[in-house]
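Chain by chain, the residues:
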Amino acid sequence: MNSTLDGNQSSHPFCLLAFGYLETVNFCLLEVLIIVFLTVLIISGNIIVIFVFHCAPLLNHHTTSYFIQTMAYADLFVGMSCLVPSLSLLHHPLPVEESLTCQIFGFVVSVLKSVSMTSLACISIDRYIAITKPLTYNTLVTPWRLRLCIFLIWLYSTLVFLPSFFHWGKPGYHGDVFQWCAESWHTDSYFTLFIVIMLYAPAALIVCFTYFNIFRICQQHTEEISKRQARFSSQSGETAEVQACPDKRYAMVLFRITSVFYILWLPYIIYFLLESSTGHSNRFASFLTTWLAISNSFCNCVIYSLSNSVFQRGLKRLSGAMCTSCASQTTANDPYTVRSKGPLNGCHV
């Protein structure tokens, strides 16, 4: 990232993936295709998630829906912010100078992904409280406390990365598609350590601790239920199926989302730590780990749609409502079509 272009390439645009440049189009083709493809997936996927949550009241019965919607909005903003490097790679004139643009872009994406990371930690805490304190859960976790928690998530995420504007160092590699970010804005080992201590390490430890205890407690509950049912069936002579802990099924959905998040972010974090400690950098590794991590903004939509039956019903109702709306418009425009007097399908589950 810190190397400069050769003299015979001075007329070429700056490309992190040098082999993605084509003379015929005069821009970084491979980078543009990857970023635009991810941008479209992230924006469309999270818009669908947000609409389904608004159209499916049953999804809002879980307090975790507050945090999942927060993540969906944060991921949507990530997708929208990805339009900035796309315009830069297409040589579209930027509204401000490149140095400030890449700083703002790197800061915004870092904050948004921090919101997702802390939201996942809060979700695990919420499920842990629901399992360990079921009788007092409704008094401990109230709507106004959840809103306050979400506000603090955004505030904390902003404050963690704010020092990047005061020459503490680069918060990440999200802006490296800009030449100034890649060549003139360097990481700092102390600032990296600060981010790890304030964000990465606490979030990871909280998630590991809470989910380990959630599954341990659910396993204990399942064993107790199976023993009671075995005792009852031996007395009555009937066999009964052992039902799994209902909280465990929902926790598994959230655990999958959390696991995929950290799997996709692990290469980025490792590269971030290595470059900060050694000073060595690689353009290809920087681009690959960065956009692999950003792709997580779309993966959340896929995991939730495949794992949550209520979400699937809400998605079907939403698509059905859209089809009904399109059909009603077609019917209204066609004078020969007999119109139905029945009510249109809503999107409520």
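In this text, all values refer to a predicted model and were calculated from it rather than measured experimentally.

**So, the overall build of the protein chain**
Phase 1 of the analysis: Secondary structure assignment for the protein chain yields twelve helices and two strands.
Phase 2 of the analysis: Counting from the amino terminus, helix and strand elements in the protein chain follow one another as β-β-α-α-α-α-α-α-α-α-α-α-α-α.
Phase 3 of the analysis: Within the span of the protein chain, comprising 349 residues, buried residues form 45% of the whole.
Phase 4 of the analysis: Considering only residue pairs separated by 6 or more positions, the protein chain has 78% of its internal contacts joining residues 24 or more positions apart.

**Focus on the confidence of the model for the protein chain**
Phase 1 of the analysis: For the protein chain, per-residue confidence averages 75 on the pLDDT scale, and residues scoring 70 or more make up 69% of the total.
Phase 2 of the analysis: Ranking the elements of the protein chain by mean pLDDT puts strand β1 (residues 21-22) last with 48 and helix α6 (residues 143-161) first with 93.
Phase 3 of the analysis: Low confidence marks residues 1-11, where pLDDT is under 50. Its contacts with residues over four positions away, or in another chain, come to 23 contacts.
Phase 4 of the analysis: The model gives residues 338-345 a pLDDT under 50, and that stretch makes five contacts with residues more than four places away or in other chains.

**A few points about the side chain of Ser 295**
Phase 1 of the analysis: Position of Ser 295 among the secondary structure elements: in the loop between α10 (283-294) and α11 (296-307).
Phase 2 of the analysis: For Ser 295, a relative accessible area of 13% puts it in the buried group.
Phase 3 of the analysis: Apart from residues lying up to four places away in sequence, Ser 295 is in contact with Leu 38 and Leu 264.

**Focus: the UniProt feature "transmembrane region" (unreviewed entry) in the protein chain**
Phase 1 of the analysis: According to UniProt, the "transmembrane region" (unreviewed entry) feature falls on residues 32-59, 71-92, 104-125, 146-169, 189-212, 253-274 and 286-307.
Phase 2 of the analysis: The span residues 189-212 is 100% helical and 0% strand by assignment, and the distance between its end C-alpha atoms comes to 32 Å.

**Brief notes about the packing of helix α4 (residues 98-132) against α6**
How two helices pack is summed up by the angle between their axes together with the distance between the axes.
Phase 1 of the analysis: Running from N to C, α4 and α6 point in directions that differ by 135 degrees, and their axes come no closer than 9 Å. One way to sum up the angle between α4 and α6 is to call them oblique. For α4 against α6, the interelement crossing comes out right-handed. Together, Phe 107, Ser 110, Val 111, Leu 112, Ser 114, Val 115, Thr 118, Ser 119 and Cys 122 of α4 and Cys 149, Ile 153, Trp 154, Ser 157, Thr 158 and Phe 161 of α6 make up the contact between the two elements.

**Side note on the environment of Arg 317**
Phase 1 of the analysis: Structurally, the position occupied by Arg 317 is in helix α12 (residues 309-333).
Phase 2 of the analysis: By relative accessible area, Arg 317 is classed as partly exposed at 43%.
Phase 3 of the analysis: Between the C-alpha atom of Arg 317 and that of Val 52, which follows or precedes it by 265 residues, the distance is 8.6 Å.

**What to know about the pattern of salt bridges**
Phase 1 of the analysis: Inspection of every chain in the model, using the stated rule, returns two salt bridges.
Phase 2 of the analysis: Where Asp 75 meets Lys 113, a salt bridge forms, and the shortest distance between an N and an O atom there is 3.2 Å. Of the two residues, Asp 75 is situated in helix α2 (residues 64-81) and Lys 113 in helix α4; the sequence distance between them amounts to 38 residues.
Phase 3 of the analysis: Between Arg 127 and Asp 126 there is a salt bridge, with the nearest N and O atoms lying 2.9 Å from each other. The burial state of Arg 127 is the same as that of Asp 126; both residues are buried.

**Section: α10**
Every α-helix winds through 3.6 residues per turn, so residues three or four apart in the chain are directed the same way.
Phase 1 of the analysis: Over its twelve residues, α10 extends 17 Å from the first C-alpha to the last, a length consistent with the 16 Å expected when each residue adds 1.5 Å.
Phase 2 of the analysis: Taken together, the buried positions of α10 are Arg 283, Ser 286, Phe 287, Thr 289, Thr 290, Trp 291, Ala 293 and Ile 294.

**Examining α2**
Phase 1 of the analysis: Over its 18 residues, α2 extends 26 Å from the first C-alpha to the last, a length consistent with the 26 Å expected when each residue adds 1.5 Å.
Phase 2 of the analysis: The element α2 is extensively covered by neighbouring structure, given that 14 of its 18 residues are classed as buried.

**Focus: the state of the cysteines**
Phase 1 of the analysis: All chains considered together, the criterion is met by zero disulfides.
Phase 2 of the analysis: No disulfide involves Cys 122; its sulfur sits 3.7 Å from that of Cys 149, the nearest cysteine.
Phase 3 of the analysis: Look at Cys 149 and you get partly exposed, because its relative accessible area is 23%.

**Notes on the packing of aromatic side chains**
Phase 1 of the analysis: Scanning all chains against the criterion turns up 13 aromatic pairs.
Phase 2 of the analysis: Consider the rings of Tyr 211 and Phe 215, whose centres lie 6.2 Å apart with planes at 25 degrees: the pair is stacked. Here Tyr 211 and its partner Phe 215 are both found in helix α8 (residues 189-236), four residues apart, which amounts to about one turn of the helix.
Phase 3 of the analysis: Taking relative accessible area as the criterion, Tyr 211 reaches 2% and is therefore assigned buried.
Phase 4 of the analysis: Chaining the aromatic ring pairs together yields one cluster made of Phe 261, Tyr 262, Trp 265, Tyr 268 and Phe 272.

**Points about a nonpolar patch on the surface**
Phase 1 of the analysis: A cluster of nonpolar side chains, contributed by Trp 144, Leu 148, Phe 151, Leu 152, Leu 155, Leu 159, Leu 162, Phe 166 and Trp 168, occupies part of the molecular surface with about 940 Å² of accessible area.
Phase 2 of the analysis: Mapped onto the elements, Leu 162 comes out in the loop between α6 and α7 (179-184).
Phase 3 of the analysis: A residue is classified by how much of its surface remains accessible, and Leu 162, at 32% relative accessible area, is partly exposed.

Criteria and thresholds
Residues numbered from 1 in each chain as written. Predicted model: local features only at pLDDT ≥ 70, side-chain atom pairs only at ≥ 80, totals over all residues. Heavy atoms only, no water. Helix = DSSP H or I, 4+ residues; strand = E, 2+ residues; numbered from the N terminus. Buried < 20%, exposed > 50% of the residue type's maximum accessible area, 1.4 Å probe, protein only. Contact = heavy atoms within 4.5 Å. pLDDT = per-residue confidence, 0-100. UniProt positions renumbered as here; feature names shortened; annotations may be inferred. Axes fitted to C-alpha atoms, helices over the stretch in contact; angles between N-to-C directions. Parallel < 35°, antiparallel > 145°, perpendicular 65-115°, else oblique. Left-handed = near helix turned anticlockwise from the far one by under 90°. Salt bridge = Lys/Arg side-chain N within 4 Å of Asp/Glu carboxyl O. Expected span 1.5 Å × (residues − 1). Disulfide = S-S within 2.5 Å. Phe/Tyr/Trp six-rings, centres within 6.5 Å; stacked < 30°, edge-to-face > 60°. Patch = residues over 30% accessible without salt bridge, like charges linked within 9 Å, V, L, I, M, F, W, Y side chains within 5 Å. Areas by Shrake-Rupley, 256 points an atom, 1.4 Å probe, with all protein chains shown as cover.

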